[in-house]
Amino acid sequence: MKKALYAVIVLWTMVAAIYMIKPGNVKKVSISAAFSDSAGEDKWCGLNTCIEGYGRFGVCYLTAQEKENLVKNIAGALGITSPCVISTEYSSRGVKDGTAEGNAVDIMTTVLRKESINGEVLVKAITEERTNESGNYTATQYVYVKINAYNNIECAADYRELVEGAFDAMGIEGNVNMNLEGSIAGALNSNEKNELADNILKRLDAQIVAENRGSDIFTIYAYSKGVGSYITIGDSKINMNIAIGYDEEQNRTEVYLSSPVNSLDY
C-alpha cells in the first residue's frame, strides 16, 4: 500500500493523541457485516481482524515479577489460561523532550505472546524509566495489547469489548482500536473504490467528516451513531476510518475499516 496513505493516518492519530472515547446511546450495528457485505463474499481474498489497545497503567515502580503477573492477568482477562511465551526486552536512549536536553530513558518491556493457526495475542507491559539532568527519576508503566484473528471478522466487536473491559477493570487509561482488514485481487479503479467505500458508509448510516479520494491516497473519516465509541478532533466526532490502497507485490487491493481510527503501523 502507498506510504502516503499511512502518513495521513499517522498524522490524524497524532492529532488525536488523547482520545475522548464515549459510548454510543443507540443500538449498535454490525460493522463487520457492513464491511464484508460491501464487496460481496466472492470478491474477498481474505478478511482479518486486528485489535490494538494502548494505555498508561500509572507512574510507579514494578518489579520484573509484578510485570509478568500484569501481562498474565491481562491475558487471563482475554480468556487465555494456557501456558504462554514470556520474554523481556531492553532499550535505552537519550531524549529531547522540549524541557531538558539529554534526558536518559531506559525502557524495559515484558512481552507475553500466544500464537495459534487462528491468530496471535500479544501483551506488553512497558516500563519507561527517566532520569533527567538533575538526577530526578520517574518510572511510568504502559500496557499494549494486540489481537490478530486470521480469516475471521465476526469476532472483532467481541474482542474489542474484551480489551476495553480489561483496561477499565485495571484502571488503564488509553484507547482501543478495531481494524478490519480485507484484500481483493487486482487493482480497483477509482469508481470501484468509491463504490466500495460508499457501500460501507450507507450500510452504517455514516456521515463523512473528512476525506481524500485521490489515486495515491484514499481515506475517509466518518461518524455513525450506531458504531458506538468515538473520538473528537476539534468539534467533530469520528468513529470510522476507511482506507484503501494497493499492494503491488501481491497485486491486491487492501481495504481497511477501522474504529475509531486505523492504528496499524506499516
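Scroll up to find the structure.
One structure accompanies this document, and this report is about it. Quick caveat, the model's predicted, so the values are computed rather than measured.

What to know about the packing of helix 3 (residues 64–77) against helix 4 (residues 156–170)
Inference 1: Between helix 3 and helix 4, the least distance of the axes is 9 Å, while the angle of their chain directions is 135°. Considered as vectors, helix 3 and helix 4 are oriented oblique to each other. Along this stretch, helix 3 crosses helix 4, giving a crossing that reads as right-handed. Residues Leu70, Asn73, Ile74 and Ala77 of helix 3 pack against Leu162, Ala166 and Met170 of helix 4.
Inference 2: In terms of residue class, the contact of helix 3 with helix 4 is built from 6 nonpolar, 1 polar and no charged.

Section: the pairing of strand 6 (residues 173–185)
Note on strand geometry: in a regular strand, side chains alternate between the two faces of the sheet.
Inference 1: Across the 13 residues that make up strand 6, a large majority, 10, are buried.
Inference 2: Two elements, strand 1 (residues 44–59) and strand 6, share 12 bridges in a ladder whose sense is antiparallel. Counterpart to Cys50 in the pairing with strand 6 is Asn179.
Inference 3: Of the strand pairs in this sheet, strand 6 and strand 12 (residues 252–259) are connected by 8 bridges, and their pairing is antiparallel. Within strand 12, the position partnered with Glu181 by the bridge is Tyr256.

So, the pattern of salt bridges
Inference 1: For the structure shown, the criterion picks out 5 salt bridges.
Inference 2: For Glu120, the salt bridge identified is with Arg113, shortest N-O distance 2.7 Å.
Inference 3: Note on Glu120: relative accessible area 13%, which makes it buried.
Inference 4: Classification of Arg113 as partly exposed rests on a relative accessible area of 34%.
Inference 5: With a shortest N-O distance of 3.1 Å, Arg213 and Asp198 are connected by a salt bridge. With Arg213 in strand 7 (residues 207–213) and Asp198 in helix 5 (residues 190–203), the pair connects residues that are 15 residues apart, well separated along the chain.
Inference 6: Several salt bridges share partner residues, and in doing so they unite Asp198, Glu211 and Arg213 into one network.

Rules of the game
- Residues numbered from 1 in each chain as written.
- Predicted model: local features only at pLDDT ≥ 70, side-chain atom pairs only at ≥ 80, totals over all residues.
- Heavy atoms only, no water.
- Axes fitted to C-alpha atoms, helices over the stretch in contact; angles between N-to-C directions.
- Helix = DSSP H or I, 4+ residues; strand = E, 2+ residues; numbered from the N terminus.
- Parallel < 35°, antiparallel > 145°, perpendicular 65-115°, else oblique.
- Left-handed = near helix turned anticlockwise from the far one by under 90°.
- Contact = heavy atoms within 4.5 Å.
- Nonpolar A, V, L, I, M, F, W, Y, C, P; charged D, E, K, R; others polar.
- Buried < 20%, exposed > 50% of the residue type's maximum accessible area, 1.4 Å probe, protein only.
- Pairing = 2+ DSSP bridges.
- Salt bridge = Lys/Arg side-chain N within 4 Å of Asp/Glu carboxyl O.

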